[in-house]
Amino acid sequence: MSVTSLPGSVHKLIKLWSKLPGIGEKTARRMVFFILKQDSSWVNEFIGTIKQVKEETHHCSECGNITDIEPCSICRDKMRNRKIMCVVESDEDCISIEQAGIFNGLYHILGGQVSPLDEQDIPEESITKLKERVCDLKIEEIVLATAPRIEGDLTAFAIQEALEDIPVKISRLSYGLPVGGSIGYADRVTLHMAMESRKEMPGK
Ligand SMILES: [Zn+2]
């Protein structure tokens, strides 16, 4: 069956599905045909959950993490070490570090990275909020967990510069992380090593 002979709605869903990260047209087609085989109640639950995720979650006004309560469960957890803060580019990176169980402090999600080629930057309000939190919470150490590639380096330098006048130790995850990789896809052992061997950034 050629793609054009498919019913319009099926074709449309395949197109939409293939927009998801890492999903090509072939995989999208498999997903859609899987959906077609399910009964209506399953499909309704699936659609309802997607809507629920979109409607009921937002970014924590403190750390920027994805949450359905305000502030998020990490920010309100009194058992965590509230003197150390891990700065990550995205909430996926935060989840990855949390799942690895290697960090018990607070987080700050930048919601972007410095990437001149893609004309991307860290949102200004995120940097302002970070400075405010570091001062208000009297943070003693910032752990930069930006990606081990050029954009991650530039992002780390930008944060170091932004915190220049604030007396706080700044370290960065180092050994064990493959250059060009990402925090979000790193395995637990790699993340653990990178956290344990973090290095204080020079030039502060
Ligand atoms: Zn939070």
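Reference entry: report on the structure contained in this document. (Residues numbered from 1 in each chain as written. Predicted model: local features only at pLDDT ≥ 70, side-chain atom pairs only at ≥ 80, totals over all residues. Heavy atoms only, no water.)

Section: the sheet that holds strand β7 (residues 199-200)
Across the sheet, five strands lie side by side as β4-β3-β5-β6-β7; this open sheet has mixed pairing. Each edge of the open sheet carries a strand with a single partner, namely β4 (106-109) and β7. Bridging between strand β5 (residues 141-144) and strand β6 (residues 169-172) involves four bridges; their strand directions are parallel. Within β6, the position partnered with E141 by the bridge is K169. (Pairing = 2+ DSSP bridges. Helix = DSSP H or I, 4+ residues; strand = E, 2+ residues; numbered from the N terminus.)

Quick word on the pattern of salt bridges
Under the criterion given, the structure shown has eight salt bridges. A salt bridge links E62 to K129; the shortest N-O distance between them is 3.3 Å. With E62 in the loop between β1 (58-59) and β2 (66-67) and K129 in helix α6 (residues 124-136), the pair connects residues that are 67 residues apart, well separated along the chain. Here E62 falls in the partly exposed class, since its relative accessible area comes to 29%. Three or more residues are tied together by salt bridges with common partners; here these are E62, K129, E132 and R133. (Salt bridge = Lys/Arg side-chain N within 4 Å of Asp/Glu carboxyl O. Buried < 20%, exposed > 50% of the residue type's maximum accessible area, 1.4 Å probe, protein only.)

Some words on the pairing of β6
With helix α7 (residues 150-162) bridging β5 and its parallel neighbour β6, the resulting β-α-β unit is right-handed. Pairing geometry for β6 and β7, over two bridges, is antiparallel. Bridge pairing in β7 places R172 opposite K199. (Right-handed = clockwise from strand over helix to strand, strands pointing away.)

Some words on the coordination of the zinc ion
Protein coordination of the zinc ion is provided by C60 (SG), C63 (SG), C72 (SG) and C75 (SG), with donor distances spanning 2.3 to 2.4 Å. Coordination at the zinc ion comes from four donor atoms whose angles at the metal span 102 to 115°, giving a geometry best classed as tetrahedral. Sequence positions of the residues that donate to the zinc ion give the spacing C-x2-C-x8-C-x2-C. A relative accessible area of 4% places C60 in the buried class. (Donors = N, O, S within 2.8 Å, 3.2 Å for Na, K, Ca; no water. Tetrahedral: all angles 85-135°; square planar, octahedral: opposite > 155°, others 65-115°.)

Some thoughts on the packing of helix α1 (residues 8-17) against helix α2 (residues 25-37)
Across the interface, α1 lies against α2 with an axial gap of 8 Å and an inter-helix angle of 130°. Comparing their axes, α2 and α1 come out oblique. Crossing of α1 against α2: the hand is right-handed. Here V10, L13, I14, K15 and W17 of α1 lie close against α2, whose contacting residues are E25, A28, R29, M31, V32, I35 and L36. Taken together, the residues of the contact of α1 with α2 sort by class into nine nonpolar, no polar and three charged. (Axes fitted to C-alpha atoms, helices over the stretch in contact; angles between N-to-C directions. Parallel < 35°, antiparallel > 145°, perpendicular 65-115°, else oblique. Left-handed = near helix turned anticlockwise from the far one by under 90°. Contact = heavy atoms within 4.5 Å. Nonpolar A, V, L, I, M, F, W, Y, C, P; charged D, E, K, R; others polar.)

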